[in-house]
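# A look at the structure
If you want the building blocks of each chain, they are given just below.
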Amino acid sequence: MKTKLARPLLTLLAFAAASTLASSACAADKVSIMVGGYEKIIYLPAKLAESLGYFKAEGLDVELLNEGAGVDAENEMLAGAVQGVVGFYDHCVDLQTKGKYVESVVQFSHAPGEVELVSTKQPQVKSMADLRGKNLGVTGLGSSTNFLSQYLMVKAGVPLGEFTSVPVGAGTTFIAAMQQDKIQAGMTTEPTISRLLKTGEARVLVDMRTLESTKQALGGTYPAASLYMSTDWVEKNRDAAQKLANAFVKTLRYINTHTGAEIADKMPKDFYVGDKEGYIKALNDGKGMFTADGVMPAGGPETVLSVLSAFSKNVKGKTVDLSKTYTTEFVRKAASAK
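Residues numbered from 1 in each chain as written. Predicted model: local features only at pLDDT ≥ 70, side-chain atom pairs only at ≥ 80, totals over all residues. Heavy atoms only, no water.

### Some remarks on empty space enclosed by the protein
Over the atoms rolls a probe the size of a water molecule, and its path tells where empty space is left. On inspection of all chains with the given rule, the structure shows one cavity of 30 Å³ or more. Space inside the largest cavity adds up to approximately 80 Å³. Along the walls of the largest cavity sit twelve residues, with Y43, E114, T139, S144 and T145 positioned nearest its centre. Looking at side-chain class alone, the lining of the largest cavity contains three nonpolar, seven polar and two charged residues. (1 Å grid on protein atoms, 1.4 Å probe; cavity = no way out; pocket = protein on both sides within 12 Å on 5 of 7 lines; lining within 4 Å. Points joined across faces, edges and corners; volume = space filled by probe spheres on them. Nonpolar A, V, L, I, M, F, W, Y, C, P; charged D, E, K, R; others polar.)

Okay, structure coming up:
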């Protein structure tokens, strides 16, 4: 009698244990990623991976959250609200000087994809040095657009106190700030760049959309857009990190083997901002910024450290272990499994 009662009980307990394990596995594969403006072409891989179904194919439940400025996305991750950020790699270097270890798990690009635009109301401005005393638009204070603007000004001989960084976001808010003369120039990305060039309200002062022009402006390859995560989280969730790398490496391959028109068809229509042809052109012009395999480009971290050291009190004179600001382990495994 006892045996007959025990068997169903054991079966029930075994089923409950299996269910608990399955639930734990599912919970482990739920990942929230904050994107520093997922409509920006520099962060294209995030929304494209979702659209292509690559996250689901890896058994991941990825929630993409939108945040207009990379620095705010970084703060969300540090607060534990999200597990990862799609933002610029330079935050990994900057944060290490503050005792926080985060690393690029997948390196999306080897050029910033950024442009310093100047309002056509400022015809006298021919170089960054001519922006002394001006208001420069950035996505947010402490953002990568702010880092790069500060570097270019200091490089041009203009000290930090002799210009003003104004946080204006991107897209419509950036455009409005320039139209209203709240900023006379600013650092932004596609498709904002193309929108302002098309209307003739701005012109390019410094272009960092290609590897070649980036080397001219910054002195070397500048790894920019990436998936970065807390080193501690990556070590504790290696399986999920590998799945994310698998999905993003597939996405980077897709970008490198498809046209701007084919990619545009996979993106939300509101990303076009009413101009699909302009969006396609921006994609075709900017695709070269993306890596083909997610691997950190050789010499890139050194360039980033050099740029930040030129103006940042946080970084200047500090010892930074660049080997701890990125990992190629997961992307190399993803590449070998193709």
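Moving on from the model shown.
### So, the sheet that holds strand 2 (residues 61–66)
Spatial ordering of the open sheet is given by 2-1-3-10-4, a layout of five strands whose pairing is mixed. Of all the strands in the sheet, just strand 2 and strand 4 (102–107) have a single pairing partner and so form its edges. Each neighbouring strand pair of the sheet contributes to a mean axis angle of 30°, computed without reference to strand direction. Of the pairings in the sheet, the one linking strand 4 to strand 10 (residues 225–230) comprises five bridges and is antiparallel in character. Along strand 10, the bridge assignment pairs V106 with L227. (Pairing = 2+ DSSP bridges. Helix = DSSP H or I, 4+ residues; strand = E, 2+ residues; numbered from the N terminus. Axes fitted to C-alpha atoms, helices over the stretch in contact; angles between N-to-C directions.)

### Topic: the pairing of strand 5 (residues 114–119)
In regular strands, side chains alternate between the two faces of the sheet. Among the six residues in strand 5, six count as buried, and that is most of the element. Across five bridges, the pairing between strand 5 and strand 8 (residues 185–189) is antiparallel. Bridge pairing in strand 8 links E116 to M187. Looking at chain direction, strand 5 and strand 9 (residues 202–208) are connected through six bridges and run antiparallel. When the sheet's bridge partners are listed, E116 is paired in strand 9 with V206. (Buried < 20%, exposed > 50% of the residue type's maximum accessible area, 1.4 Å probe, protein only.)

### What about the pattern of salt bridges?
Summed over the entire model, instances satisfying the criterion amount to 14 salt bridges. One salt bridge in this structure joins D207 and R209, with 2.9 Å as the shortest N-O distance. Relative accessible area serves as the criterion here: at 16%, R209 is assigned to the buried category. One network of salt bridges, in which partners are shared, links E235, R238, E329 and K333. (Salt bridge = Lys/Arg side-chain N within 4 Å of Asp/Glu carboxyl O.)

### Considering the environment of V234
Among the secondary structure elements, V234 is positioned in helix 10 (residues 231–236). For the pair V234 and G84, spaced 150 residues apart in sequence, the C-alpha separation works out to 9.6 Å. Other than its neighbours up to four places away in sequence, V234 contacts E103, V105, M229, A241 and F330. (Contact = heavy atoms within 4.5 Å.)

### Here's the deal with helix 7 (residues 172–179)
Looking only at helix 7, the buried set comprises F174, I175, A177 and M178. In an axial view of helix 7, the angular spread of the buried residues amounts to 160°, which keeps them on one side of the axis. In this structure, the buried residues of helix 7 make contact with strand 5, strand 6 (135–138), strand 8, helix 8 (192–199) and strand 9. Following helix 7 by one or two positions, D181 has its phi on the positive side, about 60°. (Arc of directions from axis to C-beta.)

### Here we look at the side chain of Q242
Along the chain, the position of Q242 falls in helix 11 (residues 238–257). Every residue in contact with Q242, bar those within four places of it in the chain, is listed here: F330, K333 and A334.

### Looking at the packing of helix 11 against helix 15 (residues 329–336)
Two elements in contact, helix 11 and helix 15, have axes whose closest approach is 8 Å; the angle formed by their N-to-C orientations is 60°. Considering the angle they form, helix 11 stands oblique to helix 15. Where helix 11 crosses over helix 15, the handedness of that crossing is right-handed. Contacts between helix 11 and helix 15 involve R238, A241, Q242, A245, N246, V249 and R253 on the former and, on the latter, E329, F330, V331, K333, A334 and A335. (Parallel < 35°, antiparallel > 145°, perpendicular 65-115°, else oblique. Left-handed = near helix turned anticlockwise from the far one by under 90°.)

### Here we look at the environment of R203
With respect to the helices and strands, the residue R203 is situated in strand 9. By relative accessible area, which is 25% here, R203 ends up partly exposed. Along the backbone, R203 and V85 are 118 residues apart, and their C-alpha atoms lie at a distance of 31 Å. A distance of 2.6 Å separates a polar atom in the side chain of R203 from the backbone oxygen of V125. (Polar contact = N/O pair within 3.5 Å; in protein donor to acceptor, adjacent residues only side chain to side chain.)

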